Amino acid sequence: MAELPIPDVPPACCSGRFTISTLLGMEEGGRGPYTPTEGSSCDSAQPTQLSSSTLCTRTFGYNTVDVVPAYEHYANSKGVGDPRKGRPSLADLHSILKPDPSRLRTPVSDLQHSNGLPEAGLEAGLEEAEGEPGRDSEPEPVRFGWVKGVMIRCMLNIWGVILYLRLPWITAQAGIALTWLIILMSVTVTTITGLSISAISTNGKVKSGGTYFLISRSLGPELGGSIGLIFAFANAVAVAMHTVGFAETVRDLLQEHNSLIVDPTNDIRIIGVITVTVLLGISLAGMEWEAKAQILFFLVILVSFINYLVGTVIPATAEKQAKGFFSYRADIFAQNFVPNWRGPEGSFFGLFSIFFPSATGILAGANISGDLKDPAVAIPKGTLMAIFWTTMSYLVLSATIGACVVRDASGSLNDSVAVGSPGCEGLACSFGWNFTACAQQQSCRYGLSNYYQSMSMVSGFGPLITAGIFGATLSSALACLVSAPKVFQCLCKDQLYPLIGFFGKGYGRNSEPIRGYMLTYVIAVGFILIAELNAIAPIISNFFLCSYALINFSCFHASITNSPGWRPSFRYYSKWAALFGAAVSVVIMFLLTWWAALIAFGIVIFLLGYVLYKKPDVNWGSSMQASSYNMALNYSVGLSEVDEHIKNYRPQCLVLTGPPNFRPALVDFVGTFTKNLSLMLCGNVLIGPRKQKMPESRLMADGHTKWLMKRKIKAFYTDVVAEDLRSGVQMLIQAAGLGKMRPNILVLGYKRNWRTASPESLEDYVGILHDAFDFKYGVCVMRMKEGLNVSRVLQAHVNPTFEAAEHPENGTGSRAAPGTADPTTLASEQQASTIFQSKQGKKTIDIYWLFDDGGLTLLIPYLLGRKKRWGKCKIRVFVGGQINRMDEERKAIVSLLSKFRLGFHEVHILPDINQKPRPEHIKRFDELIAPFRLNDGFKDEATVNEMRQGCPWKISDEEVDKNRAKSLRQVRLNEILRDYSRDAALIAITPPIGRKGRCPSSLYMAWLETLSQDLRPPIILTRGNQENVLTFYCQ
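**As for the overall build of the chain**
Inference 1: Secondary structure assignment for the chain yields 36 helices and 10 strands.
Inference 2: A buried classification covers 52% of the 1035 residues belonging to the chain.
Inference 3: Across the chain, the fraction of contacts at a sequence separation of at least 24, relative to all contacts at a separation of at least 6, is 79%.

**Some words on helix 25 (residues 690–710)**
Residue pairs three or four apart in sequence face the same way in an α-helix, which turns once every 3.6 residues.
Inference 1: Over its 21 residues, helix 25 runs 30 Å from end to end, which matches the ideal 30 Å to within 8%, given 1.5 Å per residue.
Inference 2: The principal kink in helix 25, of about 30°, is found at Met700.
Inference 3: Residues Lys693, Glu696, Ser697, Met700, Gly703, His704, Trp707 and Leu708 constitute the buried set of helix 25.
Inference 4: Positive backbone phi, approximately 60°, marks Lys712, located one or two places after helix 25.

**So, helix 8 (residues 210–219)**
Inference 1: Across the 10 residues of helix 8, 9 count as buried, placing the element largely inside the fold.
Inference 2: Those residues of helix 8 that fall on the buried side of the exposure criterion are Gly210, Thr211, Tyr212, Phe213, Leu214, Ile215, Ser216, Ser218 and Leu219.
Inference 3: Lining the buried residues of helix 8 we find helix 7 (167–201), helix 9 (221–256), helix 18 (462–494), helix 20 (537–560) and helix 23 (623–639).
Inference 4: Gly220 sits one or two positions beyond helix 8 and adopts a positive phi of about 105°.

**Some words on the pattern of salt bridges**
Pairing of side chains with opposite charge becomes possible as their charged atoms draw close.
Inference 1: Across all of its chains, the model carries 22 salt bridges by this definition.
Inference 2: For Glu1009, the salt bridge identified is with Arg755, shortest N-O distance 3.7 Å. Here the residue Glu1009 occupies a position in helix 36 (residues 1001–1012), and Arg755 occupies one in the loop between strand 4 (745–749) and helix 27 (759–774), the gap between them amounting to 254 residues.
Inference 3: Overall, the relative accessible area of 5% leaves Glu1009 in the buried class.
Inference 4: Judged by its relative accessible area of 45%, Arg755 falls in the partly exposed class.
Inference 5: With its nearest N and O atoms 3.2 Å apart, the salt bridge here joins Arg783 to Glu1009. Taken together, the residues span a long stretch of sequence, with Arg783 in strand 5 (residues 778–783) and Glu1009 in helix 36 at a distance of 226 residues. For the pair formed by Arg783 and Glu1009, the shared burial category is buried.
Inference 6: A single salt-bridge network, built from bridges that share partners, covers Asp912, Arg918, Arg972 and Glu975.

**A short note on the sheet that holds strand 2 (residues 680–687)**
Inference 1: Strands sit in the order 3-2-1-4-5-10-9-6-7-8 across an open sheet of 10 strands; the sheet is mixed. Of all strands in the sheet, those with a lone pairing partner are strand 3 (716–722) and strand 8 (906–910), marking the two edges. With strand direction ignored, the average angle separating the axes of adjacent strands in the sheet is 20°.
Inference 2: Here strand 4 pairs with strand 5 via 5 bridges, running parallel. If you follow Leu748 over to strand 5, its bridge partner there is Val781.
Inference 3: Its contacts with the sheet place helix 30 (residues 856–865) against strand 4, strand 5, strand 6 (844–848), strand 7 (874–880), strand 9 (986–989) and strand 10 (1019–1023), and it is angled at close to 170° to strand 6.

**Concerning the state of the cysteines**
Inference 1: All told, the structure shown has 1 disulfide when counted by the stated rule.
Inference 2: Covalent S-S linkage joins Cys438 and Cys444, the inter-sulfur distance amounting to 1.9 Å. Linking Cys438 and Cys444, the disulfide has an S-S dihedral of approximately 85° and is accordingly described as right-handed. Per residue, the accessibility class of Cys438 equals that of Cys444, and both read buried.

**A few points about the environment of Ala988**
Inference 1: Tracing the sequence through the fold places Ala988 in strand 9.
Inference 2: Its relative accessible area of 2% is what places Ala988 among the buried residues.
Inference 3: Residues Ala988 and Arg1023, 35 residues apart in the sequence, show an inter-C-alpha distance of 10.0 Å.
Inference 4: Once residues lying within four places of it in the same chain are set aside, the contact partners of Ala988 are Asp846, Ile847, Tyr848, Thr857, Pro861 and Ile1020.

**A short note on unusual backbone geometry**
Inference 1: The phi dihedral of Gln442 is positive, around 55°, even though this residue is not glycine.
Inference 2: Along the chain, Gln442 falls in the loop between helix 16 (436–441) and helix 17 (454–458).
Inference 3: Among the residues examined, Gln442 registers a relative accessible area of 73% and is labelled exposed.
Inference 4: At Gln1026, a position not held by glycine, the phi torsion is positive, near 70°.
Inference 5: Tracing the backbone through its elements, the reader meets Gln1026 in the segment after strand 10.

**Side note on the pairing of strand 5**
Inference 1: Burial within strand 5 is extensive, with 6 of its 6 residues counted as buried.
Inference 2: Across the two faces of strand 5 the burial is the same, with Gly778, Cys780 and Met782 and Val779, Val781 and Arg783 all buried.
Inference 3: Handedness of the β-α-β unit built from strand 4, helix 27 and strand 5 comes out right-handed.
Inference 4: Alignment of strand 5 against strand 10, held across 5 bridges, turns out to be antiparallel. Its bridge partner lying in strand 10, Cys780 is registered against Thr1022.

**Structural notes on the packing of helix 35 (residues 964–980) against helix 36**
Inference 1: Helix 36 packs onto helix 35 with a crossing angle of 20° between their chain directions and a minimal axis gap of 7 Å. Considering their axes alone, helix 35 and helix 36 lie roughly parallel with respect to each other. Judged by the sense of rotation from one axis to the other, the crossing of helix 35 with helix 36 is right-handed. Two secondary-structure elements touch here, helix 35 through Lys966, Ser967, Gln970, Val971, Leu973, Asn974 and Leu977 and helix 36 through Leu1003, Trp1007, Thr1010, Leu1011 and Ser1012.

**Focus on the confidence of the model for the chain**
Inference 1: Taken as a whole, the chain shows an average pLDDT of 80; of its residues, 84% reach a score of 70 or greater.
Inference 2: Predicted confidence in the chain is weakest over helix 1 (residues 20–28), with a mean pLDDT of 38, and strongest over strand 1 (residues 653–656), with 96.
Inference 3: In the predicted structure, residues 100–136 sits below a pLDDT of 50 and forms 61 contacts with residues beyond four places in sequence or in another chain.
Inference 4: Here residues 796–811 is modelled with pLDDT under 50, and outside its nearest four sequence neighbours on either side it reaches 40 contacts, counting other chains as well.

**Let's talk about a positive patch on the surface**
Inference 1: Together, Lys615, Lys675, Lys712, Lys714, Lys839, Lys842, Lys868, Arg869 and Lys872 line one region of the surface with positive charge.
Inference 2: On the secondary structure map, Lys872 appears in the loop between helix 30 and strand 7.
Inference 3: A residue is classified by how much of its surface remains accessible, and Lys872, at 63% relative accessible area, is exposed.

**Looking at the side chain of Thr190**
Inference 1: As for its placement among the helices and strands, Thr190 is situated in helix 7.
Inference 2: The class for Thr190 is buried, based on a relative accessible area of 1%.
Inference 3: Within the structure, Thr190 has its side chain in polar contact with the backbone oxygen of Val187 (distance 2.9 Å).
Inference 4: If we ignore the near neighbours within four places in the chain, the residues touching Thr190 are Ala359, Ile362 and Ile387.

**Structural notes on the packing of helix 26 (residues 725–735) against helix 27**
Inference 1: Look at helix 26 against helix 27: their axes get within 9 Å of each other, and the N-to-C directions meet at 20°. Accordingly, the angle class assigned to the pair helix 26 and helix 27 is roughly parallel. Handedness of the helix 26/helix 27 crossing: right-handed. Residues Leu725, Arg726, Val729, Gln730 and Ile733 of helix 26 form the contact with helix 27, whose participating residues are Asp764, Gly767, Ile768, Asp771 and Ala772.
Inference 2: Class assignment for the residues of the contact of helix 26 with helix 27 results in 5 nonpolar, 2 polar and 3 charged.

**Points about the environment of Phe590**
Inference 1: Within the element layout of this structure, Phe590 appears in helix 21 (residues 575–592).
Inference 2: On the basis of relative accessibility, which here comes to 36%, the residue Phe590 falls in the partly exposed class.
Inference 3: Separated by 237 residues in sequence, Phe590 and Ser353 have C-alpha atoms that sit 9.8 Å apart.
Inference 4: Beyond its immediate stretch of four places on either side in the chain, Phe590 contacts Ala597, Leu598 and Phe601.

Cut-off values and rules
- Residues numbered from 1 in each chain as written.
- Predicted model: local features only at pLDDT ≥ 70, side-chain atom pairs only at ≥ 80, totals over all residues.
- Heavy atoms only, no water.
- Helix = DSSP H or I, 4+ residues; strand = E, 2+ residues; numbered from the N terminus.
- Buried < 20%, exposed > 50% of the residue type's maximum accessible area, 1.4 Å probe, protein only.
- Contact = heavy atoms within 4.5 Å.
- Expected span 1.5 Å × (residues − 1).
- Bend = angle between axes of the 7 residues up to and from the residue.
- Salt bridge = Lys/Arg side-chain N within 4 Å of Asp/Glu carboxyl O.
- Pairing = 2+ DSSP bridges.
- Axes fitted to C-alpha atoms, helices over the stretch in contact; angles between N-to-C directions.
- Disulfide = S-S within 2.5 Å.
- Right-handed = clockwise from strand over helix to strand, strands pointing away.
- Parallel < 35°, antiparallel > 145°, perpendicular 65-115°, else oblique.
- Left-handed = near helix turned anticlockwise from the far one by under 90°.
- pLDDT = per-residue confidence, 0-100.
- Patch = residues over 30% accessible without salt bridge, like charges linked within 9 Å, V, L, I, M, F, W, Y side chains within 5 Å.
- Areas by Shrake-Rupley, 256 points an atom, 1.4 Å probe, with all protein chains shown as cover.
- Lys, Arg positive; Asp, Glu negative; His and termini not counted.
- Charge placed at Lys NZ, Arg CZ, Asp CG, Glu CD.
- Polar contact = N/O pair within 3.5 Å; in protein donor to acceptor, adjacent residues only side chain to side chain.
- Nonpolar A, V, L, I, M, F, W, Y, C, P; charged D, E, K, R; others polar.

In structure tokens, the structure reads:
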């Protein structure tokens, strides 16, 4: 492709795309700096009036409004169909250019680069610009890499006092082999969780909020919110736990030197409060100071490890030998390789429950996700490396101390004997020590099985081990003190729970949650003052395990839904391993403390129920949403394979509501008997030019759906744009539904204004009924005395000068009307109350089953009567009959109804149905059809057709005469309805059917008008498609 000559262009015209403002500006200003020569291609309606983009012309060789891919087009993107920043809309590219101030845009950035992509660092710049536009440049916030921000933090949180004080004892009890198994089992759970965290954190941009952010954005606000709240609380209490561990160690040192401050219990409180106050000061100083403190603790722990390893190779002194330390010996390793269970906790799972908390802490790095340079890289790399190195340290410590120290030792220098002395039992005898007496009496004070400070005894310099204990406890306390406010801040900003938004405010460059720090401090001090955390500790461990289980389940659930949005860049995970990790985490919860597991589950379920009840207005694209789609899709496809059976017949209704809020009674009626039972689809025909109506359709659909949800109607909304009402309804009848989930009943409102409306609309209305029967639909026409259409009331509320639309009562199409184009207004407008929303009491539902239509006339009132509001109504069935066979016909109908098991026991035979109606009513019918008569004087058919040319709704004299008996039947039925059902709650009646080509639309509407006029209760004219919807067979 030849490159066009590019003239010098001002910078404002050289951004990476054409905006509409640029195009319109060039149109107004005449010829721009570049005008295509004759014959050059340009994808616009006026090529000679458009300026050129330097970038696009260089890239494509011709002028175009299209843009090249760029980061800012996708940054901060929302749901499908929402406007993206900087990219022209489809209308900009596809529609005819017209000056539209509401759609003018200005360029976001100048992309004058050779490849059209933003330069490095643009992403960060855009994020800053999005935060506070127009603000002065501030110093960059502190951001950490994967080593300093995640790996060291996780390692410090994983290491704890169990490493120093309990791992040697566990090795003595379980033996080296089973201790390694315990370690590897624990690490398997944490590794699987680490892999799941890695997958979730690399599936899109991770912001602050850590564990809560990951779970809530994956599983949705329901589970995410509950876990976020208890996880933040667990971290706050964990601050107290680790601080009390530090305070107890200091208290023990004071006791050894007889230097207690007050007494053992109050000393823990005093030391604990002072310690947590100092830690709070470090946290408030900023993340940079907190990170420096963590590095200091890390170095202290490393020095203590090196000190221990050096001590294992130093030849043992007599004092150390008396305490059971003999340096590396193969026979000691062999003896300690196998288990030697002692005491009430001497079981595999008992020791596993003691050790497992020391393997946790892998979420410390993820919890400060907002302070990481690149969370998608730092969280996977740092977390997995922390798990690897801490696992190695546990395995090495267990193996080395198990190869150096015997299980029992007295600590007395007087127990040294000559090698091979008689009466000496045990492995120490071969090293010249006799610990037989204390071992047999189980009174030994030293050795792996008895002395918790074995690491300090083995090490080269004991106080360094104490310093390591201090470093482990304080670093864990500091990590939890930082994690809790960070997680809680994100939860507060999402506003899932009331009364916590106050704590979401951030301060400074890093948006530090100072209020959250103070709340965490208060909680920690409160639990430190209790000074006895043995009861609360198991619950905290279970809260952390709850988080592990949900993280693993999040990864599994996101994978199993096959959502196109699940594209983690970290590939080394397995959905089945994640499911296994979730299941094992739950099992371990009950292994640790079953009652604490039940409490944790109870709290999670309570918080989950609250969020489900409140239904927060958030949309995070969670896997639960993807799962809902998957389930609906699978069930819908599966339903196509199921053969239809009368027993499983459900009335699936296409309701011609127009805008649903215009006809609330019609919506409520159908919604009452289809709720939790069958399909309801509200159809709206937008009459007018497609170009004019399509934007209205897109704008209104969401508002109508929200209106239905607010009214608690379980229904779908759909609309079509058509040139006239009938063609639009034909589209809906043919295309509505999916697979077997397709409507089989057409429900519409009665056209009250048929006498004054245009004859074409009358013809369309009756034609819709014929179309429904042609497509094998049942038909249900609803009439209420006060009418169905409340649009005039709504419009008068919005605009007092509004005049009614042309078709106010047809129950179907809608035209543009002022004040109805805002979805927010639709969803928030006051809901009109209808008769179908109130309890009916002990009234009656009267069914006039005059013709056998397959049973639909019976089924709909039966379904209505099953609802609570209509449950007390008595259902009466009226059928036509002969006066001399009333008893026989009544018994036959009662027998038939009993076989249908509908519970209808009151049956009335109408023997006077064939009586001649009163003259005044006959006269009223004749006056009703008089304006529509052709008055042809019984001429032949050809002459009649010629006279009726252009007005097919006209009624010939012959048609009046042929249908006289049928017309009088409708007059008589109206008299019966007014006599028998004056006080009914609802009337359901089988209407007549007008034969196509033989019954003019005006005559048919006259029948329906005569049948249903002057009735106070709502009347439902129901006609099935002549196929059974009821059966009394079992198969």
